[in-house]
Amino acid sequence: MASLTLRNVVKKYGQRQVIHGIDLDIADGEFVVLVGPSGCGKSTLLRMVSGLEDITGGEVLVNGTLANKMQPRQRILPWCSRISRSIRI
Ligand SMILES: Nc1ncnc2c1ncn2[C@@H]1O[C@H](COP(=O)(O)OP(=O)(O)O)[C@@H](O)[C@H]1O
Ligand SMILES: [Mg+2]
């Protein structure tokens, strides 16, 4: 597993901002659920954390290391090696 930190994470699609500065700390082994209405940005946030979507602003840290530019495989998220190339969130 890994710890995860989000600092003021922002996502824009063109001029449209869909993630408005998320701060979150998840400890190694901690179980967290994202809940919100359809379209609020849950999938977009998970795609940014996993490296499937570019991060417009802010920082994603995996085990304290800046991961914004890391490929999915480098993020040592536990499911990456198992799901291989067909990651879909
Ligand atoms: N590839 C994309 N291009 C443009 N807008 C997108 C794209 N993906 C998601 N969005 C928009 O971003 C917002 C958040 O979407 P999404 O993360 O899928 O929400 P959720 O998973 O919470 O239902 C929505 O308004 C959606 O229309
Ligand atoms: Mg979704």
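Here is what the cut-offs are and how they apply
- Counting starts from 1 at the beginning of each chain's written sequence and moves along it residue by residue.
- Ligands are numbered from 1 and chains lettered from A, in the order in which they are written.
- For a predicted model such as this one, the threshold for reporting local features is a pLDDT of at least 70, and the threshold for listing and counting side-chain atom pairs is 80 or more; totals across whole chains, interfaces and linings nevertheless cover every residue.
- Here a helix means four or more residues in a row that DSSP labels H or I, a strand means two or more in a row labelled E, and each is numbered from the N terminus.
- The exposure label follows from counting other C-beta atoms within 10 Å of a residue's C-beta, where the C-beta atoms are placed from the backbone and the thresholds are 20 or more for buried and 12 or fewer for exposed, leaving partly exposed in between.
- In this description, one arc is meant: the one made by directions from the helix axis to the C-beta atoms.
- Here the contact rule is simple: place C-beta atoms from the backbone, and any two residues whose C-beta atoms are within 7 Å are in contact.
- Nearness here has a simple definition: the residue's C-beta atom, placed using the backbone, must lie within 6 Å of the molecule or strand.
- At least two DSSP bridges between two strands are needed for those strands to be called paired.
- Each residue carries a pLDDT value, the predictor's own confidence for that position, ranging from 0 to 100.

Q: Mind showing me how you'd approach the overall build of the chain here?
A: In terms of regular secondary structure, the chain is built from 2 helices and 4 strands. Mapped in sequence order, the helices and strands of the chain form the string β-β-α-β-β-α. A buried classification covers 13% of the 89 residues belonging to the chain.

Q: For this particular structure, what's the right way to read helix H1 (residues 42-50)?
A: At 3.6 residues per turn, the α-helix brings residues three or four places apart onto the same side. Taken together, the buried positions of H1 are Leu45, Met48 and Val49. The buried residues of H1 occupy one face: seen down the axis, they fall within an arc of 100 degrees. Residues of H1 that are buried sit in contact with strand E1 (4-13), strand E2 (16-26) and strand E3 (57-62). Two residues or fewer after H1 comes glycine 51, characterised by a positive phi angle close to 90 degrees.

Q: Please clarify how the site of ligand 1 should be interpreted in this entry.
A: The local shell around ligand 1 consists of Tyr13, Val18, Gly36, Ser38, Gly39, Cys40, Gly41, Lys42, Ser43 and Thr44. In terms of residue count, H1 provides more of the shell around ligand 1 than any other element does, 3 residues in total.

Q: Quick question: what am I supposed to make of the sheet that holds E3 here?
A: Through backbone hydrogen bonds, the strands of a sheet pair up, either in parallel or in antiparallel fashion. Pairing is antiparallel in the open sheet, where 4 strands are placed in the order E2-E1-E3-E4. The open sheet has two edge strands, E2 and strand E4 (65-66), and neither has a second partner.

Q: Explain the confidence of the model for the chain here, please?
A: Atomic detail in the predicted coordinates should be set aside for any region of low pLDDT. Looking at the chain, pLDDT values average 87 and 84% of them are 70 or higher. Summarising per-element confidence for the chain, the mean pLDDT is lowest in helix H2 (residues 80-83) (53) and highest in E2 (98).

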